[in-house]
Amino acid sequence: MTPLVSIEDLRVAFNGVPVLRGVDIALQKGEAVGLVGESGSGKSVTWLAALGLLPRHAQVSGSVRLDGRPILGAPAAELDQVRGGRIAMIFQDPASALNPVLTIRRQLCEALALHRDLQGNAVKAEARRLLDLVGIPDAGRRLEAYPHEFSGGQVQRIMIAMALAGNPDLLIADEPTTALDATIQAQILELLSTVRRELGMAMVLISHDLGVVAENCDRVAVMYAGRIVEQAPSNQLFADPVHPYAQGLIGALPPLDGPRRRLTAIPGTVPDPAHMPGGCAFAPRCALVADACGLAAPTLAPIADDRSVACVRAEVSRRALLGIAAE
Amino acid sequence: MSPPLVEVSAISRTYAMRSGMFGRAAAVHAVDGVSLTIAKGQTLGLVGESGSGKSTTGRIVLGLEPPDSGEVRFDGKPMAAPGTTAWRAQRARMQMIFQDPLGALDRRLPVATQIREPLDIHGLGTPAARDERVRELLRAVELTPAHGARYPGALSGGQRQRIVLARALATKPDFLVCDEPVSALDVSIQAQVVNLLCDLQAQLSLTLLFISHDLRVVRQISNVVAVMYLGRIVEIGSADDLFARPEHPYTQALVSASPAPGRRSAGRILLSGDPPNPAARPTGCAFHPRCPRAIARCAREVPALSAVGGDRQVACHLVTGAATRDAA
Ligand SMILES: Nc1ncnc2c1ncn2[C@@H]1O[C@H](COP(=O)(O)OP(=O)(O)O)[C@@H](O)[C@H]1O
Ligand SMILES: Nc1ncnc2c1ncn2[C@@H]1O[C@H](COP(=O)(O)OP(=O)(O)O)[C@@H](O)[C@H]1O
Ligand code: SF4
Ligand code: SF4
Ligand SMILES: [Mg+2]
Ligand SMILES: [Mg+2]
């Protein structure tokens, strides 16, 4: 089956400094994929590059296909149809994406006019339906309000309504709840899964929070230093991570119940993109590092159905983990 | 249990906040009748959503700002009046760590100089002894003298937070208030700093007030946890037990909202509505407009924080403990 979106060997450099170093990821129709990894690992840049949203000084190469058709470097007119139409994006800071001096109605209607063939009253009716759909009470009247008249959680709901205006097949949600309080985050995530199910929309959920991704996605990709280092169905990744970085991330998360244990912190810090180590970028922090790791950057290779890992010692790492689990 | 180092009795703090175009001043009850005690060598975790009054509580406990009413006692004595000698002596025994280490450091000075600063200010030890103490502090936070020679801009976020911690420890304080100290850090780095804090606390018998909105981090580090909602403590109890068996409907929603690998969101308690504006606090139980269990009485009467058995205290009309817990 042709994937909805497939990204192959996507590379991005800023002023000659590579920050994406060959990203491969594919999404099927209707699928929810999570993208996790430390800040600066390239989660946002991956999708900004795919949609042609990076500033001019970014050098981008590789392939991005939508329904098999290449969109990387496509003409502006074609990209304008993709962005906000087939693929919509929402961000962590929704307030900055809304115009403070226009009513919500104006902004929703503009988005609708751009991507949908609707006229006159139908536009306004659709705007109201969308606001209703994302759970803004009293939608008819609230359409006439300005962004500052809404709370942070409501503004994020409005952003979701704007994203849905183009009837997208894919929603890229980049840290959509990071700025929100826990109980509001839970509401927004619930809203995202409901609309996704109802509309059969695929979603990429970018988050630094493993729990958020685990609960809301079918599949998870873990990024480190500009590459995907492990990809697996959510439940398998959390039960049995193979890449030492993925293992480290999960071990670093304090448990919310059960006995307390000392956290397994990953030593050191993320490498500076301008001084990337040769070979595996995780080597300076990796407990399993061996000579082979310094030779060449390991490529993402399948280890089971629907699972792949970029680690030359994937087998050893897996055994080490099983050994720990058996203790 | 050891005697309390910090005793907070019924502190309140109200700010006048101008809102809207016409600038009518509204009263924000940032902290309203909060009482806490922290035993020597223990950690009290303070959780709650933004605006619930956690930072204000922290600042009052440290004596950085006075409460409008109520009292803070430190090591059995009331806080001295700001600016006095007694106040300075007390203040040297307590330190604060904030979320943003870059904001807390001077970008123009090498970090070792900044760790040394409190020693210079308080005139502690000879110059040579101070240099040695700086090296010792760097070691304590698992950094090297080479790190000390750098400027804040040349360190990572986690390393900067270690520097802030080293500086806070310079005067050998007994008490630290940590306000969201790891919230800006990535999870792998967060784990390093959390482990370090736990180790240092054990080695130095520190007493901590640990403020965070992150339940996982708070549980990891705290003995006792207090949950705040709109300026009041709604539940308090020992950390593991509180998260395993939350009693207050708000704590239950908060724990249930915390995403966990291996758990799907089915069965989650979803609150309706937004957190209310602190300047327009609902009557009665401030949580009642969002509470799935609210009854008529909740809108009228403020529930008092009362013991429900064990070491747990809950402020809810429906949780009396008799049915669910044995009075210990
Ligand atoms: N416009 C830009 N110019 C220069 N560097 C950038 C730009 N955008 C991102 N970067 C760099 O690219 C890397 C990846 O960034 P990003 O994708 O935003 O990380 P993440 O979303 O995983 O936190 C980082 O090192 C970041 O500093
Ligand atoms: N200096 C101040 N002046 C006016 N209002 C303040 C001030 N400090 C805090 N507040 C208000 O008091 C309430 C509690 O704030 P804070 O203690 O910072 O909460 P938290 O740390 O839990 O987010 C908020 O509504 C905040 O806007
Ligand atoms: S390739 Fe080597 S250094 Fe990299 S993660 Fe695997 S074991 Fe560690
Ligand atoms: S007092 Fe009433 S409104 Fe408040 S938490 Fe209890 S049941 Fe809910
Ligand atoms: Mg990002
Ligand atoms: Mg605060």
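Predicted model only: the values in this text are computed from it and were never measured.

## Remarks on the domain arrangement of chain A
All names here are of chain A. As assigned here, chain A comprises domain 1 (5–217) and domain 2 (223–255 + 263–326). A C-alpha centroid distance of 29 Å is found between domain 1 and domain 2. Contact with domain 1, which involves 22 residues of that partner, is made by 20 residues of domain 2. Between domain 1 and domain 2, a total of about 1700 Å² is buried, with carbon and sulfur atoms accounting for 59% of that surface. For domain 1, the biggest contributors to the area lost against domain 2 are R21, E38 and L210; these three give 41% of the whole. Along the contact surface separating domain 1 from domain 2 lie 1 salt bridge. A salt bridge links R285 to E38, with the shortest nitrogen-to-oxygen separation between them at 3.7 Å. Summed over the shared surface of domain 1 and domain 2, the number is 7 residue pairs in polar contact (both at pLDDT 80 or more). Only strand 2 (17–27), strand 3 (32–36), helix 1 (43–50) and helix 8 (210–216) provide two or more residues apiece to the side of domain 1 that touches domain 2. Broken down by element, the residue count for the side of domain 1 that touches domain 2 peaks at 9 residues, all from strand 2. Considering only residue class, the side of domain 1 that touches domain 2 consists of 12 nonpolar, 5 polar and 5 charged.

## Quick look at the nonpolar core
In globular proteins that are soluble, nonpolar side chains generally tend to be buried together. Membership of the largest hydrophobic core comes to 126 residues, with the highest contact counts inside it found for A:L108, A:V222, B:L165 and B:L176. Here this core spans two domains, since at least three of its residues come from each of domain 1 (5–217) and domain 2 (223–255 + 263–326) of chain A. Excluding residues that lie within four positions of it along the chain, A:V222 makes contacts with A:V36, A:R227, A:I228, A:V229, A:E230, A:L237, A:Y245, A:A246 and A:L249. Among the nonpolar cores identified, the runner-up in size contains 33 residues, and A:L10, A:A58, A:M89 and A:I228 belong to it.

## So, the packing of helix 4 (residues 111–121) of chain B against helix 7 (residues 157–169) of chain B
All names here are of chain B. Relative to each other, helix 4 and helix 7 sit at 25 degrees, their axes nearing to 7 Å. In terms of orientation, helix 4 lies roughly parallel with respect to helix 7. The element helix 4 and its partner helix 7 pack so that their crossing is right-handed. Of the residues in helix 7, those touching helix 4 at V111, Q114, I115, E117 and P118 are I163, A166 and R167. Of the residues contributing to the contact of helix 4 with helix 7, the split by class is 5 nonpolar, 1 polar and 2 charged.

## Quick word on empty space enclosed by the protein
Residues and elements named next belong to chain A. Taken as a whole and judged by the stated rule, the model has 5 cavities of 30 Å³ or more. The computed volume of the largest cavity comes to approximately 100 Å³. Considering the residues around the largest cavity, the lining is formed by 13 residues, among which R227, V229, C280, A281 and P298 are closest to the centre. Among the elements that take part in the lining of the largest cavity, strand 10 (residues 227–233) stands out by supplying 3 residues, more than any other. Classifying every residue of the lining of the largest cavity gives 9 nonpolar, 2 polar and 2 charged.

## Remarks on the confidence of the model for chain B
Per-chain confidence: chain B averages 90 in pLDDT, with 94% of residues scoring 70 or above. In the predicted complex, the global pTM is 0.91; the interface-specific ipTM is 0.87.

## Considering the interface of chain A and chain B
Across the boundary between the two partners, chain A contributes 40 residues, which contact 42 residues of chain B. Surface buried jointly by chain A and chain B totals about 3600 Å² across both partners, of which 52% is contributed by carbon and sulfur atoms. It is A:E215, A:L256 and A:R260 in chain A that bury the most area against chain B; as a group they hold 25% of the surface buried on that side. Linking chain A to chain B there are 3 salt bridges. Between A:R260 and B:D240 there is a salt bridge whose closest N-O contact spans 3.0 Å. Where chain A touches chain B, the interface holds 21 residue pairs in polar contact (both at pLDDT 80 or more). Counting residues per element, the ones that place at least two in the side of chain A that touches chain B are helix 7 (182–199) and helix 8 of chain A. Of all the elements, helix 7 of chain A adds the most residues to the side of chain A that touches chain B, at 7 residues. Looking at the side of chain A that touches chain B residue by residue, the class counts come to 18 nonpolar, 11 polar and 11 charged.

## Quick word on the site of ligand 2
Residue and element names in this part refer to chain B. If you check the shell around ligand 2, you find 13 residues, and the closest are G51, G53, K54, S55 and T56. Here G53 contributes a backbone N or O atom positioned 3.0 Å from an oxygen atom of ligand 2. Within the side chain of K54, a nitrogen or oxygen atom sits 2.9 Å from an oxygen atom of ligand 2. With the chains in place, 67% of the 560 Å² that ligand 2 exposes on its own is no longer accessible. Where the shell around ligand 2 is concerned, the elements lending two or more residues are strand 2 (24–39) and helix 1 (54–61). With 4 residues, the top contributor of residues to the shell around ligand 2 is helix 1. Taken together, the residues of the shell around ligand 2 sort by class into 4 nonpolar, 6 polar and 3 charged.

## A look at the sheet that holds strand 2 of chain A
All names here are of chain A. Here 4 strands make up an open sheet; going across it, the order is 2-1-4-5 and the pairing antiparallel. Single-partner strands in this sheet number two, and they are strand 2 and strand 5 (69–70). Sheet analysis places strand 1 (residues 5–14) next to strand 4 (residues 58–66), joined by 8 bridges and oriented antiparallel. In the strand pairing of strand 4, F14 is matched with A58. Sheet strands in contact with helix 1 are strand 1, strand 2 and strand 4, and its direction is about 110 degrees off that of strand 1.

## Quick look at the environment of B:T56
All names here are of chain B. One can find T56 in helix 1. C-alpha separation for the pair T56 and P67, spaced 11 residues apart in sequence, amounts to 9.4 Å. Not counting residues within four places of it along the chain, the set of residues in contact with T56 comprises R13, Y15, A30 and V31.

## So, the pairing of strand 3 (residues 43–47) of chain B
All names here are of chain B. Summarising burial for strand 3: 5 of the 5 residues are buried, a large majority. Judged by which residues are buried, strand 3 turns out to be covered on both faces: T43, G45 and V47 on one side and L44 and L46 on the other are all buried. Where strand 3 meets strand 8 (residues 207–211), 4 bridges bridge the pair, whose relative direction is parallel. The partner of T43 across the bridge, within strand 8, is L208. The sheet contact formed by strand 3 and strand 9 (residues 224–229) spans 4 bridges and is parallel.

Rules and cut-offs
- Residues numbered from 1 in each chain as written.
- Chains lettered and ligands numbered in written order.
- Predicted model: local features only at pLDDT ≥ 70, side-chain atom pairs only at ≥ 80, totals over all residues.
- Heavy atoms only, no water.
- Domains from an automatic or database assignment.
- Contact = heavy atoms within 4.5 Å.
- Buried area = accessible area lost by both parts, 1.4 Å probe.
- Salt bridge = Lys/Arg side-chain N within 4 Å of Asp/Glu carboxyl O.
- Polar contact = N/O pair within 3.5 Å; in protein donor to acceptor, adjacent residues only side chain to side chain.
- Helix = DSSP H or I, 4+ residues; strand = E, 2+ residues; numbered from the N terminus.
- Nonpolar A, V, L, I, M, F, W, Y, C, P; charged D, E, K, R; others polar.
- Core = buried A, V, L, I, M, F, W, Y, C linked by side-chain atoms within 4.5 Å.
- Buried < 20%, exposed > 50% of the residue type's maximum accessible area, 1.4 Å probe, protein only.
- Axes fitted to C-alpha atoms, helices over the stretch in contact; angles between N-to-C directions.
- Parallel < 35°, antiparallel > 145°, perpendicular 65-115°, else oblique.
- Left-handed = near helix turned anticlockwise from the far one by under 90°.
- 1 Å grid on protein atoms, 1.4 Å probe; cavity = no way out; pocket = protein on both sides within 12 Å on 5 of 7 lines; lining within 4 Å.
- Points joined across faces, edges and corners; volume = space filled by probe spheres on them.
- pLDDT = per-residue confidence, 0-100.
- Near = heavy atom within 4 Å.
- Areas by Shrake-Rupley, 256 points an atom, 1.4 Å probe, with all protein chains shown as cover.
- Pairing = 2+ DSSP bridges.

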